[in-house]
There are 2 protein chains.
Amino acid sequence: MTSTDPTPPLRPTRQRRAVVEAMTSFADFRSAQDIHELLGERGDQVGLATVYRTLQRLAEAGEVDVLRTEEGEAIYRRCSESHHHHLVCRSCGATVEVEGPTVERWTRSIAAEHGYAEVSHTLEIFGTCPACA
Amino acid sequence: MTSTDPTPPLRPTRQRRAVVEAMTSFADFRSAQDIHELLGERGDQVGLATVYRTLQRLAEAGEVDVLRTEEGEAIYRRCSESHHHHLVCRSCGATVEVEGPTVERWTRSIAAEHGYAEVSHTLEIFGTCPACA
DNA sequence: CTCCGGTTTGACAATCGTTCTCAACTGATC
DNA sequence: GATCAGTTGAGAACGATTGTCAAACCGGAG
Ligand SMILES: [Zn+2]
Ligand SMILES: [Zn+2]
Ligand SMILES: [Zn+2]
Ligand SMILES: [Zn+2]
């Protein structure tokens, strides 16, 4: 069996620190390439492939949220660990984390109603923020 | 002004008919390439680029729903015209269209609460269907 | 029916985000 | 400082999607 796969250790390298650090410097969703560029401007030289790899790890660990633009490009944002959704400004990208039992209950009941198990969901709200109105 | 752009006519060509027809032959979400292949098997020879173009048109016209796989690939499915969401089986893709005032109200109120206007949203529910349980 | 201009098509090239490859590099550990 | 698994980065490779553009098509005017 390939059983024992005890989650290989994770080294806190310069690059990983730089990416995590960079993620705290903005509040909207950005693409891996944007983040790579941002790192460059800051003087933190990190390979593009490493940025992609690190963002994946962070996403798996639930430390960043991933969304898909209409074109299918992945965009990332640091986030709180608990389950939540986003209210995103279509114009400037300003994002608010939102949550509430209403939708959680609704999705669960709808799924149950149709006999679906192991339910999960994705929900994003888009609009024009007060500043961009 | 480049005003007069009265939506160029849309000719019902053999290819377009074939794609629309093919879309009625399955109920889950499929990629453009899957659909292209399906057309080939049926004997309807249609260029891949045309399949992409047609699906785009159909999506714009609201005649098919588009989703993104976790990997960012676009998948399509014929759908009813009114606003709704999907309950999709993670294992076999079986899809149920769902709707209800609860979420619609919730998203609207959440957005209003934060001063966001022109609100829209996306919501998909995933689970294991009874057949795959 | 024939001609004409705009629409559509499809083979193929080109994009472009993302992943893969793999040799060089790092950091713990002893 | 020797060891060794985890990391990195430059560049190649990938794969979905879009762009190109000449040839095929269409519907209506003449
Ligand atoms: Zn805004
Ligand atoms: Zn939720
Ligand atoms: Zn199923
Ligand atoms: Zn809705």
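Everything quoted here is computed from the prediction, not taken from an experiment. (Residues numbered from 1 in each chain as written. Chains lettered and ligands numbered in written order. Predicted model: local features only at pLDDT ≥ 70, side-chain atom pairs only at ≥ 80, totals over all residues. Heavy atoms only, no water.)

Comments concerning the protein's contact with DNA strand C
Lining the immediate surroundings of DNA strand C are 22 residues, of which Tyr 52 of chain A together with Thr 13, Arg 16, Thr 50 and Arg 53 of chain B lie closest. Taken together, the sugar and phosphate atoms account for 68% of what DNA strand C places within 4 Å of the protein. Taking Arg 11 of chain B, its side chain carries an N or O atom lying 3.0 Å from a base nitrogen of DNA strand C. Between DNA strand C and the protein, one listed contact pairs a phosphate oxygen with a backbone N or O atom of Gly 47 of chain B at 2.9 Å. (Near = heavy atom within 4 Å. Polar contact = N/O pair within 3.5 Å; in protein donor to acceptor, adjacent residues only side chain to side chain.)

Let's talk about the nonpolar core
Judged by nonpolar contacts, the single largest core of 22 residues is most densely connected at Leu 87 and Trp 106 of chain A together with Leu 87 and Trp 106 of chain B. If you list the elements that add at least two residues to this core, you get strand E4 (85–89), helix H4 (101–113) and strand E6 (117–128) of chain A together with strand E4 (85–89), helix H4 (101–113) and strand E6 (117–128) of chain B. Residues within four places of Trp 106 of chain A in sequence aside, it is in contact with Val 98, Glu 99, Gly 100, Thr 102, Val 103, Leu 123 and Ile 125 of chain B. (Core = buried A, V, L, I, M, F, W, Y, C linked by side-chain atoms within 4.5 Å. Buried < 20%, exposed > 50% of the residue type's maximum accessible area, 1.4 Å probe, protein only. Helix = DSSP H or I, 4+ residues; strand = E, 2+ residues; numbered from the N terminus. Contact = heavy atoms within 4.5 Å.)

Quick word on the side chain of Thr 107 of chain A
Position of Thr 107 of chain A relative to the elements: it lies in helix H4. A relative accessible area of 2% places Thr 107 of chain A in the buried class. Setting aside anything within four residues of it in sequence, one finds Thr 107 of chain A in contact with Val 119 and His 121 of chain A together with Leu 123 and Ile 125 of chain B.

Here we look at the relation of the copies chain B and chain A
The two copies are related by a screw motion: chain B maps onto chain A through a turn of 180 degrees and a shift of 0.0 Å along the axis, at an RMSD of 0.1 Å. Expressed as a symmetry operation, the mapping of one chain copy onto the other fits a two-fold axis. Identified as the residue of chain B closest to the rotation axis by C-alpha distance is Leu 123 of chain B, at 2.1 Å. By residue overlap, the copies meet face to face through one surface: 100% of the interface positions of chain B are interface positions in chain A. (Least-squares fit on C-alpha atoms with pLDDT ≥ 70 in both.)

Structural notes on the coordination of the zinc ion (ligand 2)
All names here are of chain A. Protein coordination of the zinc ion (ligand 2) is provided by His 83 (NE2), His 85 (NE2), Glu 104 (OE), Glu 104 (OE) and His 121 (NE2), with donor distances spanning 1.9 to 2.8 Å. Considered as a linear motif, the donors of the zinc ion (ligand 2) on their single chain read H-x1-H-x18-E-x16-H. Here His 121 lies in strand E6 and His 85 lies in strand E4, a separation of 36 residues in the sequence. (Donors = N, O, S within 2.8 Å, 3.2 Å for Na, K, Ca; no water.)

Side note on the interface of chain B and chain A
Counting residues at the interface gives 38 residues for chain B, matched by 38 residues for chain A. When chain B packs against chain A, close to 3,000 Å² is buried across both sides, 64% of that on carbon and sulfur atoms. At the boundary of chain B with chain A, the tally comes to zero salt bridges. At the boundary of chain B with chain A, the tally comes to 16 residue pairs in polar contact (both at pLDDT 80 or more). If you list the elements that add at least two residues to the side of chain B that touches chain A, you get E4, strand E5 (95–98), H4 and E6 of chain B. (Buried area = accessible area lost by both parts, 1.4 Å probe. Salt bridge = Lys/Arg side-chain N within 4 Å of Asp/Glu carboxyl O.)

Considerations on H4 of chain A
All names here are of chain A. Its 13 residues give H4 an end-to-end C-alpha distance of 18 Å, which sits within 8% of 18 Å, the value for a rise of 1.5 Å per residue. Of all the positions in H4, only Val 103, Glu 104, Trp 106, Thr 107, Ile 110 and Ala 111 are classed as buried. Buried residues of H4 fall within an arc of 165 degrees about the axis and therefore sit on the same side. For H4, exposure combined with an orientation more than 90 degrees from the buried face picks out Pro 101, Arg 105, Arg 108, Ala 112 and Glu 113. Looking one or two residues beyond H4, the residue adopting positive phi is Gly 115, at roughly 75 degrees. (Expected span 1.5 Å × (residues − 1). Arc of directions from axis to C-beta.)

Looking at the coordination of the zinc ion (ligand 3)
Octahedral six-donor coordination of a metal ideally yields angles of 90 or 180 degrees, compared with 109.5 degrees for tetrahedral four-donor coordination. Residue and element names in this part refer to chain B. Around the zinc ion (ligand 3), the protein contributes the donor atoms Cys 89 (SG), Cys 92 (SG), Cys 129 (SG) and Cys 132 (SG), which lie 2.2 to 2.3 Å from the metal centre. Here the zinc ion (ligand 3) is ringed by four donor atoms whose angles at the metal span 105 to 115 degrees, and the overall shape comes out tetrahedral. Counting along the primary sequence, the residues that act as donors to the zinc ion (ligand 3) give the motif C-x2-C-x36-C-x2-C. Pair noted here: Cys 92 is in the loop between E4 and E5 and Cys 129 is in the segment after E6, with a separation of 37 residues, a long-range link. (Tetrahedral: all angles 85-135°; square planar, octahedral: opposite > 155°, others 65-115°.)

Digging into the protein's contact with DNA strand D
Around DNA strand D sit 22 residues, and of these Thr 13, Arg 16, Thr 50 and Arg 53 of chain A together with Tyr 52 of chain B come closest. The separation between a base nitrogen of DNA strand D and a polar side-chain atom of Arg 11 of chain A is 3.0 Å. Between Arg 11 of chain B and DNA strand D, the recorded distance is 3.3 Å, taken from a side-chain N or O atom to a sugar or linking oxygen. Elements with a contribution of two residues or more to the surface near DNA strand D: helix H1 (14–23) and helix H3 (48–60) of chain A together with helix H3 (48–60) of chain B. The greatest single-element share of the surface near DNA strand D, amounting to four residues, is contributed by H3 of chain B. Looking at side-chain class alone, the surface near DNA strand D contains seven nonpolar, seven polar and eight charged residues. (Nonpolar A, V, L, I, M, F, W, Y, C, P; charged D, E, K, R; others polar.)

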